[in-house]
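Geometric and topological summary
So you can see what is in the structure, the chains are spelled out below.
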Amino acid sequence: MKYVFGNWKMNGSFDDIKKFKKEFFSLKLPKNTKFGIAVPFVYLQKMNEIFSKKCEIGVQNVGFADFGEFTGEISAKMLEDTKAKFCLVGHSERRHKFGETNEVVNQKLLSLQKTKTKAILCVGETKEEFEQKKTKKVLKTQLEKCLKNVGVKNLIVAYEPVWAIGTGLTPTAKIVEDTILYVKKVLNQIFGENEILVLYGGSVKPENANALLKSKAVDGALVGGASLDAKKFVEIGKNIA
Ligand code: PEP
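Everything in this summary refers to the structure shown in the same document. Nothing here was measured: the structure is a model prediction, and the numbers come from that model.

Aromatic rings in a pair are described by how distant their centres are and how their planes are angled relative to each other. According to the stated counting rule, one finds 13 aromatic pairs in the structure shown. When the ring of F5 is compared with that of F86, the centres are 4.8 Å apart and the planes differ by 75 degrees; the resulting orientation is edge-to-face. Separated by 81 residues along the polypeptide, F5 in strand β1 (residues 2-7) and F86 in strand β4 (residues 86-89) bring together distant segments of the chain. Each member of the pair, F5 as well as F86, carries the same accessibility label: buried. Relative to F233, the ring of F35 has its centre 5.3 Å away and its plane inclined at 65 degrees; by these criteria the two rings are edge-to-face. With F35 in strand β2 (residues 33-39) and F233 in helix α10 (residues 230-240), this pair connects stretches of sequence that are 198 residues apart. On the basis of relative accessibility, which here comes to 5%, the residue F35 falls in the buried class. A connected cluster of aromatic rings, assembled from ring pairs, spans W8, F20, F24, F25, F35, F51 and F233. Between the NZ or CZ atom of R94 and the centre of the ring of F98, over which it lies, the distance is 4.0 Å.

Given below as structure tokens:
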């Protein structure tokens, strides 16, 4: 089984949802692929009503506290209440544009773990770190800090090189495979034997999905831009099935 999770980021409208629905339901989904889409909070309920039987609907962020004086925030309990199936945590745009640290990401994961909503923890190195061959060191630190006291339950990890997100650049398939094997090794060191899925994310498109994700080590993809187009999104699933 392979997994394809979309991330709509701050995109979409009710009109876009109508268009996406029409296209998505006209397509035949591959049998051995599971789909999910992380949508803006405000579209969660509508998207769930339409897609929940064919595609898991989740969100892109969560507050670190359970409740209280945190104007504008949404808690993990509220996500559970509104039936979000999963939540991205520590996406590079949250880390780099909103200053989220590994410690904040850790609090968010701990909060989510008190609920039934799955967490997709995003980790990845910057271009500079990649060029300086620091990828493994960065990933180990991110994983150890973000997963402090976190359990294996309801946890997925996405390896997303920051320099590959939204840029059209990708690592080679060999780097993707080797890095995901390394992430799995660190997860084994933290948790012992486990079945945590590890996805790759960063400029995945229908044209490169098969080559990038064909390794058995790669459990699937986290797809940003291409997930806004139902045809491309499903095509990615078909190409890695
Ligand atoms: C993402 O937003 O997690 C992502 C991988 O984006 P893109 O596919 O557009 O690079």
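That covers the picture; the talk isn't over yet.
Close to the ligand lie 14 residues; K9, E160, G166, S203 and G224 are nearest. Between G224 and the ligand, the recorded distance is 2.8 Å, taken from a backbone N or O atom to an oxygen atom. Between an oxygen atom of the ligand and a main-chain N or O atom of G225, the distance comes to 2.9 Å. In isolation the ligand has 290 Å² of accessible area, and contact with the protein removes 98% of it. Looking at side-chain class alone, the shell around the ligand contains 4 nonpolar, 8 polar and 2 charged residues.

What follows covers the side chain of S92. Locating S92 in the fold gives a position in helix α4 (residues 92-97). Residue class for S92 comes out buried when judged on its relative accessible area of 9%. Not counting residues up to four positions away in its chain, the partners in contact with S92 are K97, V162 and I165.

Mapped onto the elements, T135 comes out in helix α7 (residues 135-146). C-alpha of T135 to C-alpha of K232: the two residues are 97 residues apart in sequence and 29 Å apart in space. T135 has contacts with E125, E129, F130, Y159 and T179, leaving out every residue within four places of it along the chain.

Look at helix α5 (residues 102-112) against α7: their axes get within 8 Å of each other, and the N-to-C directions meet at 45 degrees. Between α5 and α7, the interaxial angle falls into the category oblique. Counted together, N102, E103, V105, N106 and L109 of α5 and T141, Q142, K145 and C146 of α7 form the full contact between these two elements. Across the contact of α5 with α7, the residue classes tally to 3 nonpolar, 4 polar and 2 charged.

Parameters at a glance
Residues numbered from 1 in each chain as written. Predicted model: local features only at pLDDT ≥ 70, side-chain atom pairs only at ≥ 80, totals over all residues. Heavy atoms only, no water. Phe/Tyr/Trp six-rings, centres within 6.5 Å; stacked < 30°, edge-to-face > 60°. Helix = DSSP H or I, 4+ residues; strand = E, 2+ residues; numbered from the N terminus. Buried < 20%, exposed > 50% of the residue type's maximum accessible area, 1.4 Å probe, protein only. Lys NZ or Arg CZ within 6 Å of the ring centre and 35° of its normal. Near = heavy atom within 4 Å. Polar contact = N/O pair within 3.5 Å; in protein donor to acceptor, adjacent residues only side chain to side chain. Areas by Shrake-Rupley, 256 points an atom, 1.4 Å probe, with all protein chains shown as cover. Nonpolar A, V, L, I, M, F, W, Y, C, P; charged D, E, K, R; others polar. Contact = heavy atoms within 4.5 Å. Axes fitted to C-alpha atoms, helices over the stretch in contact; angles between N-to-C directions. Parallel < 35°, antiparallel > 145°, perpendicular 65-115°, else oblique.

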